[in-house]
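These are the residues of each chain, in order.
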Amino acid sequence: MAEVHQKTTFEEGLSWVLKNKLKAVAYTWGGCVATSLAYQWTRPIPTSLKIIHTRVYAQAITLGALAAVATIETYSRSRGFAPEDDEE
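Residues numbered from 1 in each chain as written. Predicted model: local features only at pLDDT ≥ 70, side-chain atom pairs only at ≥ 80, totals over all residues. Heavy atoms only, no water.

Draft legend 1. Here's a closer look at the pattern of salt bridges. Going through the model one piece at a time under the given rule, you end up with 2 salt bridges. Linking E73 and R77 is a salt bridge whose minimum nitrogen-to-oxygen distance equals 2.9 Å. Of the two residues, E73 and R77 are both situated in helix α3 (residues 47-79); the distance of 4 residues between them amounts to about one turn of the helix. Given a relative accessible area of 17%, E73 falls into the buried group. Each of K21, E73 and R77 takes part in salt bridges that share partners, so that together they form one network. (Salt bridge = Lys/Arg side-chain N within 4 Å of Asp/Glu carboxyl O. Helix = DSSP H or I, 4+ residues; strand = E, 2+ residues; numbered from the N terminus. Buried < 20%, exposed > 50% of the residue type's maximum accessible area, 1.4 Å probe, protein only.)

Here it is, written out as structure tokens:
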């Protein structure tokens, strides 16, 4: 009998990121903007600075997310991992 390989949560997440690279980066950016704006609103600084700080933080996190996606892509190619095409 052939043994069926159950994907771990990590492998499922890796597969999703490989299939949806831009969505992963966009979701990271959106979450960072919302979180950073919520944090900035608690600080006693002018609104314009709150928005500027939020944009800068979100931009830095987005660059980190792009680097993470590139690293995942490189890692998966070196390990021979390719996501399956789920055609529904």
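Draft legend 2. Geometry of the side chain of S76. Within the fold, S76 resides in helix α3. Its relative accessible area of 2% is what places S76 among the buried residues. Beyond its immediate sequence surroundings of up to four residues, S76 is in contact with L18 and F81. (Contact = heavy atoms within 4.5 Å.)

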